[in-house]
Amino acid sequence: MPLKINIRHLEEKDLHLQGDLPAQELELDDDELVRARRPLLYNLTVRLAGKDVLVAGRLEMTLDCECARCLKPFCFRLAIPDWVLHLPSDGPERAVLQDDVVDLTPYLREAILLEFPQHPLCQSDCEGLPRRADASGQKAEGSGQMPMASAWAELNKLKF
Ligand SMILES: [Zn+2]
């Protein structure tokens, strides 16, 4: 089911939408390193501003990524805490209505695509596939930094 709202209903009161949208609805193309298979979670308020429709709220989606440097799989939590969408009733950007119903799905798709990681990294300072010499060198020094094991434990908490 796409995410649709009937703007007639907004004339009476604001609408609160909370739920999840299956990833298939967003028709996101699979990237080699980024896969969107889990549902998009939304928590949105929709209201009328004059004749325009205003949507605001939070979007969240967990992406299954592969690190561009070390190729390890990891979860990337994409979150847009303050998403705002303004749908004018007029002009080139106006909302496309069908029997007073507007489909938010394409707008959600666009918002998510804009936040897709272009170069997914398991952690910002990932050093890629360790060469043998480097790996042993790091172990010898390894002070003050978070050990790899606990860094992975942190990442694993993100998995469901
Ligand atoms: Zn990595």
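Shown above is the structure to which this text applies.
Every value quoted in this text rests on a predicted model; they were computed, and no experiment measured them.

(A) Summary view of helix H3 (residues 105-114). All of the buried residues in H3 are Thr105, Leu108, Ala111 and Ile112. Looking straight down H3, one finds that the buried residues subtend no more than 125° of arc, so they occupy a single side. Those residues of H3 that are exposed and aimed more than 90 degrees away from the buried face are Glu110 and Leu114. On its buried face, H3 sits against strand E2 (15-21), helix H2 (23-26), strand E4 (40-49), strand E5 (52-66), strand E6 (73-87) and strand E8 (101-103).

(B) Molecular detail of unusual backbone geometry. With phi around 70°, Leu71 is a residue other than glycine that occupies positive phi space. At Asp100, a residue that is not glycine, the phi angle is positive and equals roughly 70°.

(C) Quick peek at the coordination of the zinc ion. At this site the zinc ion is bound by Cys67 (SG), Cys70 (SG), Cys122 (SG) and Cys126 (SG), with donor distances of 2.2 to 2.3 Å. On the primary sequence, the residues serving as donors to the zinc ion are separated as C-x2-C-x51-C-x3-C. In this pair, Cys67 sits in the loop between E5 and E6 while Cys126 sits in the loop between H3 and helix H4 (132-141), placing the two residues 59 residues apart along the sequence.

(D) Up close: the pairing of E5. Sheet topology places strand E3 (residues 34-35) next to E5; two bridges connect them, and they run antiparallel. When the sheet's bridge partners are listed, Val34 is paired in E5 with Cys65. Two strands pair when backbone bridges link them, and E4 and E5 are joined in this way by nine bridges, in the antiparallel orientation. Each residue of the ladder has a partner; that of Asn43, found in E5, is Arg58. Between E4 and E5, which pair antiparallel and follow one another directly, the connecting turn spans two residues, one of which, Gly50, has a positive phi of 65°. Between E5 and E6, which follow one another and run antiparallel, lie six residues, and Leu71 among them has a positive phi close to 70°.

About the cut-offs
Residues numbered from 1 in each chain as written. Predicted model: local features only at pLDDT ≥ 70, side-chain atom pairs only at ≥ 80, totals over all residues. Heavy atoms only, no water. Buried < 20%, exposed > 50% of the residue type's maximum accessible area, 1.4 Å probe, protein only. Helix = DSSP H or I, 4+ residues; strand = E, 2+ residues; numbered from the N terminus. Arc of directions from axis to C-beta. Contact = heavy atoms within 4.5 Å. Donors = N, O, S within 2.8 Å, 3.2 Å for Na, K, Ca; no water. Pairing = 2+ DSSP bridges.

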